[in-house]
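Next come the chains, spelled out residue by residue.
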Amino acid sequence: MTTLEKMARLAALSRFDSVGPPSGLEIDPAKVDALGRGTKYDLCSSTSTKRKVEGIDGLGDVLRGGLCHSFTGSGRCVSLFKTLYTNACPHECRYCSNAQGCKKGAKIFSYSPGELAKITVGLYRTNRIEGLFLSSGIGRDENDTMENMIETVRLLRRAHRFRGYVHLKILPGSSKEHVREAMELADRVSINLEAPSKSRLTELCPSKDYERDILARQRYVRDLSKKVALPAGQTTQMVVGAAEESDREIFDRLLFEYEVMNLKRVYFSAFSPVAGTAFEDKEEEPRWREHRLYQVDWLYRVYEMDRKEIFTAFDEDGFLQNKDPKMTIATEFFDSPIDPNSATFNELIRVPGIGPKSARRIALLRRDRKIERMRDLAALGVVTRRAGPFLKIGGKSGTTLDRWID
Ligand code: SF4
């Protein structure tokens, strides 16, 4: 058996819908499957965007219901039961398989709070999951469904004494009281922005009001966070490419979300057409666009790069090219190669192939001795093939830029 086959087998075994429900639990497989599938585009981590490998049910597969992975506030990776509470929804979001106009005889399913809490505990007790990711269509109305979702988590926490991780979606338009209750029970809450602006959202979901239904609810979470502990904070996600928006529009919204709304993470999901939806004939967005957006997000959040510097990675139409943005920024930033023996920390982390960790290791090593060759840097975790052209050691530079720029 090849390593890939072994990994696929292990992944399949780790999914409860592949091995059946825990004994003693009555679960309607069609319901679990439909409500699990309904969360396909609800992201709880950037790794959960991994799509199915052709012919193999892969780890992190989000095409079927069951398991996905996320990271807790402390950075620990946890496996989650990811599901909708109901797939009923009166909204008409043009890309969504749960939208009202897309149902065409499709069966509507809903859990009850007691049923969903029991399934979650059953899966937890049999070591299939470590937590719950609960999203939903709007159902009869947002406050009725939000109440049921909160009741599910309340039962988990109080009746079943469940201490596992819970990521709870806030439905657009939910009341402030529901937002507060959700925050008191969950580790993380999120409300999907879907688009970077009001006009772009109107192209995707004409029935949603960007300011009232979404931003106002994000503000509730931000303001209540001063009084209610929310260990893993607030996150959001945007669909990429469905509303013809540019990457720069998405990045400007991302800045607002981190700086004004105090969000922990912004996730991206490249648009992919779903049969039966209003956008079923729209072209699929290339996955690399999502990846490049995560890279600029990383430069902003982790490298703490100045926004003006990051702007240089976008072309004049506001799009990122399918190239590492750090490389594009570095070619603008550096006039000539730098000596790692005398470079500042800020210069070092701007070199492609050097991250904050390896920059700190370089600074530590320099206290004891000089860096004499590229091999010294490789031993510290520097990717010398990428860093070489930007570095000069003992008067000698690494390889030239044109060898790897593509
Ligand atoms: S609100 Fe829109 S995106 Fe959410 S479930 Fe309803 S139709 Fe889908």
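Not measured: the values here are computed from a predicted model.

In terms of burial, strand β3 (residues 131-135) is a largely internal element, five of the five residues being buried. Covered by surrounding structure in β3 are Gly131, Phe133 and Ser135 together with Leu132 and Leu134, the residues of both alternating faces. Bridging between strand β2 (residues 77-84) and β3 involves five bridges; their strand directions are parallel. In the sheet register, leucine 84 faces β3, and the bridge partner there is serine 135.

This part covers the site of the ligand. Neighbouring the ligand are Cys89, His91, Cys93, Tyr95, Cys96, Asn98, Ala99, Gly137 and Lys208. Given that more than half its atoms are within 2 Å of the pocket grid, the ligand belongs to the largest cavity. Classifying every residue of the shell around the ligand by side-chain character gives five nonpolar, three polar and one charged.

Here we come to the nonpolar core. Within the largest apolar cluster, 98 residues are counted, with the highest numbers of intra-cluster contacts made by Leu168, Phe268, Ile310 and Ile354. In terms of domain composition, this core takes at least three residues from each of domain 1 (3-191 + 204-234) and domain 2 (334-403). Here isoleucine 310 is in contact with Phe251, Val296, Leu299, Tyr300, Met305 and Ile329, once residues within four sequence places are set aside. In this structure, Cys68, Leu80, Tyr165 and Ala232 belong to the second largest nonpolar core, which totals six residues.

Each regular strand shows side chains that alternate between the opposite faces of the sheet. Most of strand β6 (residues 234-240) sits inside the fold, with seven of its seven residues counted as buried. The alternating pattern of β6 places Gln234, Thr236, Met238 and Val240 and Thr235, Gln237 and Val239 on opposite faces, both of which are buried. Looking at chain direction, strand β5 (residues 188-190) and β6 are connected through two bridges and run parallel. If you follow serine 190 over to β6, its bridge partner there is threonine 235. Relative to strand β7 (residues 265-270), β6 runs parallel, the two being bridged by six bridges. Bridging across to β7, glutamine 237 finds its partner in tyrosine 267.

A word on empty space enclosed by the protein. One pass over the structure, following the stated rule, counts four cavities of 30 Å³ or more. Of the voids in this model, the largest cavity is the one considered here, and its volume is about 440 Å³. Considering the residues around the largest cavity, the lining is formed by 28 residues, among which Asp42, Cys96, Ser136, Asn192 and Glu194 are closest to the centre. By residue class, the composition of the lining of the largest cavity is 14 nonpolar, nine polar and five charged.

Within this structure, the stated rule accounts for nine aromatic pairs. Following the ring pairs from residue to residue traces out a cluster consisting of Phe251, Tyr258, Tyr300, Phe311 and Phe314. In this structure, arginine 253 packs its charged tip against the face of phenylalanine 256, placed 4.7 Å from the ring centre.

Let us now look at the packing of helix α8 (residues 210-224) against helix α9 (residues 247-259). Two elements in contact, α8 and α9, have axes separated by 11 Å at closest approach and are oriented at 40°. Comparing their axes, α9 and α8 come out oblique. On α9, the residues that touch Tyr210, Leu215 and Gln218 of α8 are Arg253, Phe256 and Glu257. In terms of residue class, the contact of α8 with α9 is made up of three nonpolar, one polar and two charged.

Turning our attention to the environment of leucine 293. For leucine 293, the location among the structural elements is in helix α10 (residues 287-301). Residues contacting leucine 293, with those up to four places away along its chain left out, are Val240, Asp247, Ile250, Phe268 and Leu320.

With respect to the helices and strands, the residue threonine 120 is situated in helix α4 (residues 113-125). Overall, the relative accessible area of 0% leaves threonine 120 in the buried class. At 2.7 Å, the side chain of threonine 120 and the backbone oxygen of leucine 116 are in polar contact. With near-sequence residues (within four places) excluded, threonine 120 lies in contact with Phe81, Ile129, Leu132 and Leu156.

Moving on, we get to helix α6 (residues 176-185). Taken together, the buried positions of α6 are His178, Val179, Glu181, Ala182, Met183 and Leu185. As for α6, its buried residues are in contact with α5 (142-159), β4 (165-169), β5 and α8.

Turning next to the pattern of salt bridges. Evaluated as defined, the whole model comprises 29 salt bridges. Arginine 154 is paired through a salt bridge with glutamate 147; the nearest N and O atoms lie 3.9 Å apart. Under the relative-accessibility criterion, glutamate 147 is labelled partly exposed at 31%. Salt-bridge contacts for arginine 154 lead to glutamate 181; the nearest nitrogen and oxygen are separated by 2.7 Å.

The phi dihedral of glutamate 194 is positive, around 70°, even though this residue is not glycine. Mapped onto the secondary structure, glutamate 194 falls in the loop between β5 and α7 (198-204). If you check the backbone angles, glutamate 304 has positive phi at about 55° while not being a glycine.

Calculation criteria
- Residues numbered from 1 in each chain as written.
- Predicted model: local features only at pLDDT ≥ 70, side-chain atom pairs only at ≥ 80, totals over all residues.
- Heavy atoms only, no water.
- Buried < 20%, exposed > 50% of the residue type's maximum accessible area, 1.4 Å probe, protein only.
- Helix = DSSP H or I, 4+ residues; strand = E, 2+ residues; numbered from the N terminus.
- Pairing = 2+ DSSP bridges.
- Near = heavy atom within 4 Å.
- 1 Å grid on protein atoms, 1.4 Å probe; cavity = no way out; pocket = protein on both sides within 12 Å on 5 of 7 lines; lining within 4 Å.
- Sits in = over half its atoms within 2 Å of the grid points.
- Nonpolar A, V, L, I, M, F, W, Y, C, P; charged D, E, K, R; others polar.
- Core = buried A, V, L, I, M, F, W, Y, C linked by side-chain atoms within 4.5 Å.
- Domains from an automatic or database assignment.
- Contact = heavy atoms within 4.5 Å.
- Points joined across faces, edges and corners; volume = space filled by probe spheres on them.
- Phe/Tyr/Trp six-rings, centres within 6.5 Å; stacked < 30°, edge-to-face > 60°.
- Lys NZ or Arg CZ within 6 Å of the ring centre and 35° of its normal.
- Axes fitted to C-alpha atoms, helices over the stretch in contact; angles between N-to-C directions.
- Parallel < 35°, antiparallel > 145°, perpendicular 65-115°, else oblique.
- Polar contact = N/O pair within 3.5 Å; in protein donor to acceptor, adjacent residues only side chain to side chain.
- Salt bridge = Lys/Arg side-chain N within 4 Å of Asp/Glu carboxyl O.

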